[in-house]
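Chain by chain, the residues run as shown.
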Amino acid sequence: MIEQLDALLAQLDALQERALRELEAINSLAELEDWDVRYLGRHRGELKNFSTLIPKLGKAERPVIGQKINAVKEKLESALETRRQELRDRELREALERERLDVTLPGRALPAGHMHPISRTILEVARIFTRMGFQVVQGPEVETDYYNFQALNIPVDHPARDMQDTFWVVPGEILLRTQTSPMQIRVMQATRPPVRVIVPGKVFRHEAIDASHEAMFHQIEGLLVDERCTMADLKGSLARFAREMFGEDRRVRFRGSYFPFTEPSAEVDIDCILCKGSGCRLCKYSGWLEILGSGMVHPRVLREVGYDPRKYRGYAFGMGVERIAMLKYAIGEIRLFSGNDLRFLRQF
Amino acid sequence: MRVPLSWLKEYVEITQSPQELAHTLTMAGLEVETLDYIGADWGDQIITAQITHLEKVPGSDHLSYTRINTGSGEIGVICGAPNIKEGDKVPLALPGARIGDLTIGVARKMGYVSEGMLCSPRELGLGSDHSGIYILDPETPLGVKLADLLSDVVLEFAIKAHRGDLSSIIGIAREVAALTHKPLRLPEPRFNEQGQPAAELVKVTVEDRELCPRYSARVISGVKIGPSPGWMARRLLMAGMRPINLIVDITNYVMLEVGQPLHAFDYDLVREHHIIVRRARDGEEMTTLDGVQRRLRNDMLLITDPQGPTAIAGVMGSAISEVNEGTTRILLESANFKPASIRRTAVALGLRTESSSRFEKGLDPELTIFGANRAAQLMAELAGGQVHPGIVDVYPKPVEARSILFSPAEVEWLTGLKVTSRQVHEALSALEFKVEEVSAAADAAGGEQLLRVTIPTFRGDIEEGADLVEEVLRMIGYDQLPATVPEGPLPEPHGDHWFEREYEIREILIGLGLHEILTYAMTSRQRMLNLLAEVNAQTAQVLLQKPADDGQAGWIIASAQERAGSEDGLASDGREPFDARSLPAVTIANPLSNELECMRLTLLSGLMETLQENSKRNRAGLRLFEIGRRYLPRGAGELPEERRCAGIALCGPAAISWVPELARPADFYDLKGIVETLLERLHIRRYRFSAAQHPTFHPGRCAVLEVGRPGMDGGERFTPVGFLGEVHPLVQQRYDLPHRAYLCELDLETLYAAVPERLNYAPISRHQELTRDLAVVVDQQVPARAVQEAIERHGGELLRTVALFDVYTGTPIPPGKKSLTYTLLYQAQDRTLTDAEANALQERIVAALGEEFGAVLRS
């Protein structure tokens, strides 16, 4: 029986040696699973075959063989686990290598769109004034002569009409608004003070179109009416606007002007954003750039909407959006705004 | 208004440099547009000289050869001007001088040597006259640099519409005097009057006293017509006028100097020596001095004599009684006309003159006498005239100087600028307002200081306190205004978020890769009709349609089936040619061009045209949007309805890209996906897309989007928002695009109305969800939306989501059928669903689909 035991032990040693040798040669997880079944399989595994012999052995031999089988099993299982880990690591490494990308290829992002510079400028201006408590309102672009002119103290046959050549729909009655100012009247008719509104929108002038003139462009009107506002407030508000829009160190200059619906009226200049006031081509060597027209709401306009000019005071201003955008982005050609050339639009 | 500085200095002392003066005036509201330095570029090479000999150049019809005395020698010059003669003193440009871009050299021409050039006023920068050589005063010394004699600075003003009084040298001088605290020196017309009184020589009848508040006339006899003296001609030239003859020049000179337009008639040509000022008769005609025959209207004022019109009042005269070579007696008109009337006449006749532009801004009726006397003085002094005694002056209602009570506190009240009563007093007095202090107790309760301010008659623009505030501000200086922040109360919120919404939509569309464009709101009917595959009265209606509250009214929506079964579908009728003019649109009476004759009815034509323009230079695809208005006409005399819309256009691939998906040309579902994302971002959940017919679009690739809201009966009511689709091939080919184009136009008002007022949060169920896939085979024509809606309806509350993840046609699906595969997610809010429940629902859905669409489960 001893011989038989020794032979069995020797076979187990040989099995272990063979199994380990084979394991060394295995290069894939699939082969590894085959090996696992072959040697450690629960039903047909070679080691299992030895276990089935145990009951046939004598009482003394059984534990010896049993222990030996367990030792071999442990040895093989541990080797298998080690090998499996090695193979997994390698396969992962290889997979990662295979999956290497050219990270410098352009991404799959959808191309971004762009906001039109006029919309962008209106938004910037609106944000500045809404922070000062103004509300953004809109009004008709096809207007009556009354709102566009008469209610604004520009009667029929007034020479101030020359300042704004008009597209007529019904001559003398209905027109394309030449300014956003008619909304001053509409807003005041619809509400009572305090009023703080800005009105962005399209306006139309019957002008030959060239590098600095458009038949359709945009304005932003501002109107503030309450019981305490003064022209100094107008100056302070516009100075603040200029600094936010064109830079912290901007200076604002008021000078006398004439608009039929404001009194006193003022033209507003900022010091030149290019030369800071020393004189250059942009500012025609004056050091100043005209950015908007403004003034205190004319008492006649207040009376027209039923506001008592001894009680209420108001300021109004109007700026050309294209003008502001041209200054801000150094654009020398007004026609670009309606040209819709993507090479231009993509820059905003 | 051009004001030579040398002339201005005659009335006010000027110590500032021209730039300083320009700045002072600009700040006070008299904007100096340009400073024109006359003679700055003349250099040393342009001198005074005299023609000593003149001969025609043989073989030339206009050239002369002249010998010129330069003061230090004699040279020969060839000259082509018609107006020179021996003895004339002229400006001579010597070799080396620069005239504009031209450098003068020695030239040989037709056998003569020309060693210089004689100059016209225009060549010297003295106005626009180029009709001949500039003839200098006979007293001019020879060989002197012209710049030493004639250089000057001309200030060019843009005179504002309310200040007719500033359209004169004296008017400007008055402002300069006030602003620089210098006295104003007015000319005092002095002359002898003799002979028969004017009143016996001329009769003036003013029939329309409203349009002609004053008519003053003088008679001057014995005048000699000739050229004006050099100094006067030079001033007229620099002010932008052309010297004509001494008498006409004097009237122009006085108009420029004092601002009163004058008219000189040949007294002997005024029939019966009777001036009648009356309105024209409708259809009456006369030929004005510019040789144009004018047809007149009853609202135009005429100067006539008993036999007919001789001038259009305040605008232009006629040849009938014009001053001419033989004139010896002058009837001098110095009148005042109603501004609005002059303006209306000038506009109607397209005739804007120096005279009309002054009258229409409003002139002081008190100015007529000063103007007449000043001209009479000059005619006596320069033309040897004899001024007849007296002025015939028809002035039924003399203007009275108005006065207003003004509180100096108004300045601070309106401007925030603190001023003393004394400052106000000084500022207004400097501008010739008469200021008296009024006893406060008598006039005002608060005991505040009041001033009685009498307004000079030449300041018709001053009416009330605010006007005086501006005058004070101009004098003290706008730069003195403090800058403060408005401290008044803020207005109540107005609850209209159109601006935020509009920008939200912009941002969403930009995020989806669309570029914003901005096209003209003006277009033409033809440009809009280009959008219709077939143009007829019915298809043109789509350009005018709009969402109506009562559902689909006004919208052309027909399902594909309806159209297939219809005998008179859109495409088959309207064979008669359609007249573009019959398309209702807001028409511009005075358009810039035929391309811009009306207001747009749709954003789509602008989008298509922009695609076209950009596709020429853009290899990548185009993805554009515009937010703007459509202008839908209403009844005559009414303002149109302006509807805000968003238009979208896609054409070609999203990008030039190595990624096939991005390089794929856009298709219908790209456009629809953009619209769906927009709806999702706006939290609009109740909407549907249906197949639709629209003459702009491919009949099988067009959908209408409708948004829903609960109806009265508990059902859902849908309102159309707009169409989207692939552009019809017949439309596409008119725009020459490299790829198929896709368009969409959404009515923003309708879209906003569908945005929920607030977002409702539904708690997230913690119970398990069960997923079931469902693949059904249905006929090709069955719309996917119908299947989806049926699934949702029959799945009920426990069916949380349905998502279509596969659409398949081809083997093994039979021809004419398609397979739709959905994944369904079941979940209850309050319990864990059992498999059995989910399976039962699933079976119910399958059964319903079978019943409604003949759907079978895909095996």
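As the structure is a prediction and not an experimental result, all values here were calculated from the model.

## What to know about unusual backbone geometry
Piece 1. The linkage connecting A:Pro193 with the following residue, A:Pro194, adopts the cis geometry, with an omega of 5°.
Piece 2. Relative to the helices and strands, A:Pro194 resides in the loop between helix 7 (182-190) and strand 5 (195-204).
Piece 3. The peptide bond linking A:Glu263 to A:Pro264 adopts the cis configuration, its omega dihedral lying at -5°.
Piece 4. Note on placement: A:Pro264 falls in strand 8 (residues 262-271).
Piece 5. Backbone geometry places A:Tyr285, a non-glycine residue, at a positive phi of 65°.
Piece 6. The phi dihedral of B:Asp736 is positive, around 55°, even though this residue is not glycine.
Piece 7. Along the chain, the position of B:Asp736 falls in the loop between helix 22 (729-735) and strand 36 (741-747).

## Some words on the pairing of strand 34 (residues 697-710) of chain B
Residue and element names in this part refer to chain B.
Piece 1. Summarising the sheet, strand 33 (residues 687-691) and strand 34 pair through five bridges and their orientation is antiparallel. Each residue of the ladder has a partner; that of Ser 690, found in strand 34, is Val 704.
Piece 2. In this structure, the hairpin formed by strand 33 and strand 34 is closed by a connection of five residues.
Piece 3. Alignment of strand 34 against strand 35 (residues 716-727), held across 10 bridges, turns out to be antiparallel. Bridge pairing links Cys 702 to Gly 725 in strand 35.
Piece 4. Hairpin connection from strand 34 to strand 35: five residues lie between these consecutive antiparallel strands, with Gly 714 at a positive phi of about 85°.

## Some words on the UniProt feature "binding site: Mg(2+)" (unreviewed entry) in chain B
Piece 1. If you check UniProt for "binding site: Mg(2+)" (unreviewed entry), the listed places come out as B:Asp461, B:Asp467, B:Glu470 and B:Glu471 in our numbering.
Piece 2. Note on B:Asp461: relative accessible area 17%, which makes it buried.
Piece 3. Non-local contacts of B:Asp461, meaning those with residues more than four positions away in its chain, are made with B:His162, B:Arg163 and B:Asp467.
Piece 4. Within the structure, the side chain of B:Asp461 is placed 2.9 Å from the side chain of B:Arg459, a separation counted as a polar contact.
Piece 5. Relative to the elements of secondary structure, B:Asp467 occurs in helix 14 (residues 465-476).
Piece 6. Overall, the relative accessible area of 3% leaves B:Asp467 in the buried class.
Piece 7. Excluding its chain neighbours within four sequence positions, the residues that come into contact with B:Asp467 are A:Glu263, A:His298, B:Asp461 and B:Ile462.

## Brief notes about the state of the cysteines
Residue and element names in this part refer to chain B.
Piece 1. For the coordinates displayed, the defined rule picks out zero disulfides over all chains.
Piece 2. Cys 79 supplies the cysteine sulfur nearest to Cys 119, a cysteine that is in no disulfide, at a spacing of 9.3 Å.
Piece 3. A relative accessible area of 0% means that Cys 119 is categorised as buried.
Piece 4. Just so you know, Cys 598 is unpaired, no disulfide at all, and the nearest cysteine sulfur is the one on Cys 645, 16 Å from it.

## What about the domain arrangement of chain B?
Residues and elements named next belong to chain B.
Piece 1. Taken domain by domain, chain B holds domain 1 (2-39 + 155-180), domain 2 (46-150), domain 3 (198-394), domain 4 (403-480), domain 5 (501-753) and domain 6 (770-857).
Piece 2. Averaged C-alpha coordinates put domain 1 and domain 4 at centres separated by 24 Å.
Piece 3. Every contact between the two is made by 10 residues of domain 1 and, on the other side, 10 residues of domain 4.
Piece 4. Linking Arg 474 and Glu 175 is a salt bridge whose minimum nitrogen-to-oxygen distance equals 2.8 Å.
Piece 5. Our count for the contact surface shared by domain 1 and domain 4 stands at three residue pairs in polar contact (both at pLDDT 80 or more).
Piece 6. For the side of domain 1 that touches domain 4, the element with the highest residue contribution is helix 4 (residues 169-180), accounting for four residues.
Piece 7. Grouping the amino acids of the side of domain 1 that touches domain 4 by side-chain chemistry returns five nonpolar, one polar and four charged.

## As for the packing of helix 12 (residues 421-430) of chain B against helix 14 of chain B
Any two packed helices are characterised by how steeply their axes cross, that is the angle between the axes, and by the distance between the axes.
Residues and elements named next belong to chain B.
Piece 1. Viewed as axis vectors pointing N to C, helix 12 and helix 14 meet at an angle of 90°, and their least axial separation amounts to 9 Å. Relative to helix 14, helix 12 is oriented roughly perpendicular. Residue-level contacts link Gln 423, Val 424, Ala 427 and Leu 428 of helix 12 to Leu 468, Glu 471, Val 472, Met 475 and Ile 476 of helix 14.

Parameters at a glance
Residues numbered from 1 in each chain as written. Chains lettered and ligands numbered in written order. Predicted model: local features only at pLDDT ≥ 70, side-chain atom pairs only at ≥ 80, totals over all residues. Heavy atoms only, no water. Helix = DSSP H or I, 4+ residues; strand = E, 2+ residues; numbered from the N terminus. Pairing = 2+ DSSP bridges. UniProt positions renumbered as here; feature names shortened; annotations may be inferred. Buried < 20%, exposed > 50% of the residue type's maximum accessible area, 1.4 Å probe, protein only. Contact = heavy atoms within 4.5 Å. Polar contact = N/O pair within 3.5 Å; in protein donor to acceptor, adjacent residues only side chain to side chain. Disulfide = S-S within 2.5 Å. Domains from an automatic or database assignment. Salt bridge = Lys/Arg side-chain N within 4 Å of Asp/Glu carboxyl O. Nonpolar A, V, L, I, M, F, W, Y, C, P; charged D, E, K, R; others polar. Axes fitted to C-alpha atoms, helices over the stretch in contact; angles between N-to-C directions. Parallel < 35°, antiparallel > 145°, perpendicular 65-115°, else oblique.

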